[in-house]
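Below are the chains, spelled out letter by letter.
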Amino acid sequence: MDPQWSAYDATRTHDELLDEDGLARPGCEQVVRHLRALGPGLADRQAAAADVVRSLGITFTVYSDAGNIDREWPVDVIPRIITAAEWSEVEAGLVQRLSALNRFVADLYGDQTVIADGVFPEELLRDSVNFRPQLRGIRPPGDIWIHICGSDLVRDGEGRFHVLEDNLRVPSGVSYMLENRAVSKRVFADLFRDLDILPVDAYPHRLAGQLAALSPRDQAAPVIAVLTPGVHNSAYYEHVLLSQRMGAHLVEGQDLVVTDDVLCMRTVGGLVRVDVLYRRIDDLFLDPDVFRPDSVLGVLGLIGAWAAGNVTIANAPGAGVADDKVVYSYVPDLIRYYLGEEPLLANVPTWRCMDDDSRAHVLDHLDEVVCKPANESGGYGVTVGSQASPAELAEVRRRIIDDPRNWIAQPILSLSTAPTLCDGVVSPRHVDLRPFVLSGPEPYVTAGGLTRVALREGSLVV
């Protein structure tokens, strides 16, 4: 066996490429043969991938005390394989999930029947940091509040997919999914020649089509703009890439003005009406007249133009009320309530710390669970009990007791692993997956997603 693979251990949990005997899983045979046949050439492919990233200028921004730093995007060259049969089940589950979440958000800003019927607790909504009571009674085009969703998926030790969380406010990462695929096509052109691989590069076209269909004006070419906080935002690379590939305008708040409840873009030729705004800034910065008066990122009067039906905003302001890890725990019930169906994709079992019995269990088993704050993202604030120090466990205990509504806990899953090239040796690392879902007349799910990898061996934080 090639020395790069000789120490590879696929027995600790479900490995997505190899079984416990080191044999290729069904559907992965040709890829495994190809990777092993490369021998030392695998490292050459990794180096080639780094060269492609450098030549294309693919970067991401890291915030630090020393300032914002642009770094080259790190790509692990070993492909991740998901069979078409598996993906069709995931795709159906994601569409079902987003359909229920859209109805839920529309209900919360409408009649709130989900509360009246006892399915969702009123106090949970009352204490939500992402519910915008100023928006009650507004109905966006098609009653669609969540146009774009990035749901994080994990596999457990048996290989079954679970939804870990739903990102509904300003989901990011799709540009890196697209660029990862472009890099893979260059360095593994032989695999793409020999295998039937579903494409992902239609996403910008599908997104543009979904947004254009929601234009308040009936015209052949609606004006679509991407609202960015600016060049210093960590996802600015993505804002540029998507605007270019959609044929949309990239704008900042200072480029826009609202006149008579109509959103317009300042151009050298004068004001141009904007029909659809794909916003990449948080709710509270969108309109200083409605939310934060000190915001310089948004547009005065934007919410009024949206409420008047003169512009579509994606995702709609207020959609983040469902982007809450406590709300997440109710999604299976919401699917049953709104759709009359059983969930096709499972949640990870969750204890709500706002419930007395659940909180007592969590506090008694802090070293055996994962504790998460309700409204953070990107792994911030997450405490994996088995890997935490006594001081860290004491701190999370204090925070849960002080603000139980803001905390959930979940069992420490034996997350699946995938092969990763680490210092010239192929090693298993825990992974998750973020596919992207578009809601509209014809829902669309990317055929795959952005895989994120735990940097340290054994770490469950990707």
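Structure: above.
My aim in this report is to walk through the structure given alongside it, one point at a time. (Residues numbered from 1 in each chain as written. Predicted model: local features only at pLDDT ≥ 70, side-chain atom pairs only at ≥ 80, totals over all residues. Heavy atoms only, no water.)

Running from amino to carboxyl end, helix α2 (residues 29-38) crosses helix α3 (residues 41-56) at an angle of 100°, the nearest separation of the two axes being 6 Å. Taken as axis vectors, α2 and α3 run roughly perpendicular relative to one another. Facing α2, whose interface residues are His34, Leu35 and Leu38, α3 presents Gly41, Leu42 and Arg45. Looking at the contact of α2 with α3 residue by residue, the classes come out as three nonpolar, two polar and one charged. (Axes fitted to C-alpha atoms, helices over the stretch in contact; angles between N-to-C directions. Helix = DSSP H or I, 4+ residues; strand = E, 2+ residues; numbered from the N terminus. Parallel < 35°, antiparallel > 145°, perpendicular 65-115°, else oblique. Contact = heavy atoms within 4.5 Å. Nonpolar A, V, L, I, M, F, W, Y, C, P; charged D, E, K, R; others polar.)

We now examine unusual backbone geometry. With an omega dihedral of -20°, the bond running from alanine 314 to asparagine 315 counts as a cis peptide bond. A positive phi angle is found at aspartate 260, which is not glycine, with a value near 55°. For aspartate 260, the position within the fold is in the loop between β7 (256-259) and β8 (262-267). The class for aspartate 260 is exposed, based on a relative accessible area of 73%. (Buried < 20%, exposed > 50% of the residue type's maximum accessible area, 1.4 Å probe, protein only.)

Take the nonpolar core next. Among soluble globular proteins, nonpolar side chains are generally buried collectively. Counting residues in hydrophobic clusters, the biggest one holds 66 residues, and the most contacted among them are Phe104, Phe120, Ile146, Leu256, Leu263 and Trp306. In terms of residue count, helix α4 (residues 84-108) provides more of this core than any other element does, ten residues in total. When residues no more than four places from it in sequence are discounted, the contact partners of leucine 256 are Leu227, Val251, Leu263, Cys264, Met265, Arg266, Val274, Leu277 and Val299. Within the second largest apolar cluster, 50 residues are counted, among which are Val187, Leu242, Ala248 and Tyr444. (Core = buried A, V, L, I, M, F, W, Y, C linked by side-chain atoms within 4.5 Å.)

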